[in-house]
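# Examining the three-dimensional arrangement
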Amino acid sequence: MSGEAASAYAKEVVTADFEEPGDGVFRKVKADFDAKGITFIEAELRAKMNEFMAQAIVQVKAGE
């Protein structure tokens, strides 16, 4: 995704976390992957999500 589609999806993901703190983001992404027939290993998805969270923290601290 890119542009407005990526921004809209990011807002949906954030909303999922507010609606279900803790695992809301994982459940949202898993449901979206399942709907598109994308297979994955849960541990790999969680590891990638942790990696992205670490990047987001660095970006927020840097004022990006």
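Now for a description of the structure that goes with this document. (Residues numbered from 1 in each chain as written. Predicted model: local features only at pLDDT ≥ 70, side-chain atom pairs only at ≥ 80, totals over all residues. Heavy atoms only, no water.)

### Quick notes on the pattern of salt bridges
Threshold: Only one rule defines a salt bridge in this text: a Lys or Arg side-chain nitrogen within 4 Å of an Asp or Glu carboxyl oxygen. The numbering of helices and of strands both runs from the N terminus, where a helix is a DSSP run of H or I of at least 4 residues and a strand a run of E of at least 2. Only protein chains enter the accessibility calculation, which uses a 1.4 Å probe; a residue is then buried when its area is under 20% of its type maximum, exposed when over 50%, and partly exposed in between.
Using the criterion set out here, one finds 7 salt bridges in the structure. Glutamate 12 is the partner of lysine 28 in a salt bridge, and the nearest nitrogen-oxygen pair spans 3.1 Å. In this pair, lysine 28 is assigned in helix H2 (residues 24-35) and glutamate 12 in helix H1 (residues 3-19), connecting sequence segments 16 residues apart. The class for lysine 28 is buried, based on a relative accessible area of 18%. We classify glutamate 12 as partly exposed; its relative accessible area is 41%.

### Focus on the packing of H2 against helix H3 (residues 42-61)
Counted only if it meets this: To obtain each axis, a line is fitted to C-alpha atoms, and for helices this fit is confined to the stretch in contact; angles are then taken between N-to-C directions over 0 to 180 degrees. Angular relationships are summarised with four words: roughly parallel below 35 degrees, roughly antiparallel beyond 145, roughly perpendicular across 65 to 115, and oblique for the angles in between. Crossing chirality is assigned from the near helix's rotation relative to the far helix, an anticlockwise turn below a right angle marking it left-handed and a clockwise turn marking it right-handed. Only heavy atoms matter for contacts: two residues are in contact if any of them lie within 4.5 Å across the pair.
Packing of H2 against H3 leaves a shortest axis separation of 11 Å and a crossing angle of 125°. Comparing the axis directions of H2 and H3 gives the class oblique. As for how H2 packs across H3, the hand of that crossing is right-handed. Residue-level contacts link Val25, Phe26, Val29 and Phe33 of H2 to Glu42, Leu45, Arg46 and Met49 of H3.

### A short note on the packing of aromatic side chains
Formally: Side-chain rings of Phe, Tyr and Trp, where Trp is taken by its six-membered ring, are said to pair if the distance between their centres is within 6.5 Å; with planes under 30 degrees apart they count as stacked, over 60 as edge-to-face, and otherwise as tilted. Only lysine NZ and arginine CZ atoms are considered, and such an atom sits over a ring when it is within 6 Å of the ring centre and within 35 degrees of the ring normal.
This model, assessed by the stated rule, comprises 1 aromatic pair. Seen from their ring centres, phenylalanine 33 and phenylalanine 40 are 5.5 Å apart, and the 70° between their planes marks the pair as edge-to-face. Over the face of the ring belonging to phenylalanine 26 we find arginine 46, whose NZ or CZ atom lies 3.8 Å from the ring centre.

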